[in-house]
Amino acid sequence: MALYSEKVFDHFKNPRNVGEIPDADGIGEVGNAKCGDIMKMYLKIDNNIITDVKFETFGCGSAIASSSMATTMIKGKTIEEALAVTNKDVVEALDGLPAHKLHCSVLAEESIKSAVQDYYEKNNIPYDKSKFPVLEDCEACDAGQVRMV
Ligand code: FES
């Protein structure tokens, strides 16, 4: 069996929604402390709906494929639906990632959450902070795996 699925190759070679949204309503940027890869997610939000999403990933092929797939999964969805997307969902949608590349998909989930949090903060919208990764008491950060940048 090939190490990477057709879908991973497809999203790596032809990533969807690449780029920047200059007037984004929410921007999330997360990094992986171990490999140094960085993912940036831009959201346009109208009436609780994610009307547009773009990403920039400076990282490995799995991270690029994960972020591309994640954008297709949240475009046109409500904020709540986007927040419900887990890295496991992204991996499943990609028909899997090798075990040693699973952490790359975590960046996709975290970047969505980070962008929504930015939107909440910019608009003074109250939200449950415990549902978002916090730099100070992030277990993943302590483990040196994922950190907010
Ligand atoms: Fe760094 Fe994939 S190796 S995100």
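What comes next concerns the included structure. (Residues numbered from 1 in each chain as written. Predicted model: local features only at pLDDT ≥ 70, side-chain atom pairs only at ≥ 80, totals over all residues. Heavy atoms only, no water.)

## Considerations on the environment of Lys44
Short version of the rule: Strands are runs of DSSP state E lasting at least 2 residues, helices are runs of H or I lasting at least 4, and numbering of each runs from the N terminus. By definition in these notes, contact holds between two residues if any of their heavy atoms fall within 4.5 Å. Identification of polar contacts relies on pairs of N or O atoms within 3.5 Å, with a donor-acceptor requirement for protein atoms, meaning one able to donate a hydrogen and the other able to accept it, and with residues adjacent in sequence counted only if both atoms are side-chain atoms.
Along the chain, Lys44 falls in strand β2 (residues 38–46). It is 9.5 Å that separates the C-alpha atoms of Lys44 and Lys75, two residues lying 31 residues apart in sequence. Beyond its immediate sequence surroundings of up to four residues, Lys44 is in contact with Ile21, Asp23, Ala24, Asp25, Ile49, Ile50, Thr51 and Asp52. Of note is the side chain of Lys44, whose polar atom sits 3.1 Å from the backbone oxygen of Asp23.

## So, the pairing of β2
The following threshold applies: Pairing between strands is defined by DSSP: at least two bridges between them are needed.
For strand β1 (residues 26–31) and β2, the ladder comprises six bridges, and the chain directions are antiparallel. Paired with Gly31 across the strands is Ile38, a residue of β2. Two successive antiparallel strands, β1 and β2, enclose a turn made up of six residues, where Gly36 displays a positive phi of approximately 85 degrees. By the bridge criterion, nine bridges tie β2 to strand β3 (residues 49–58) in an arrangement that is antiparallel. Each residue of the ladder has a partner; that of Tyr42, found in β3, is Lys54. Connecting β2 to the antiparallel partner β3 that follows it, the hairpin turn spans two residues, and Asn47 within it adopts a positive phi of roughly 55 degrees.

## A closer look at the nonpolar core
Worth spelling out the cut-off: In this description, a nonpolar core means a group of buried Ala, Val, Leu, Ile, Met, Phe, Trp, Tyr and Cys residues linked to one another through side-chain atoms lying within 4.5 Å. Throughout this description, buried means an accessible area under 20% of the type-specific maximum (1.4 Å probe, protein chains only), exposed means over 50%, and partly exposed covers the range between.
Ranked by internal contacts, the top residues of the largest apolar core, which has 34 residues, are Leu43 and Ile74. Of all the elements in the fold, those that place two or more residues in this core are β2, β3, α2 (61–74), α3 (79–83), α4 (87–93) and α5 (102–122). Broken down by element, the residue count for this core peaks at eight residues, all from α5. Excluding residues within four positions of it along the chain, Ile74 makes contact with Leu43, Ile50, Val53, Ala82, Val85 and Ile112.

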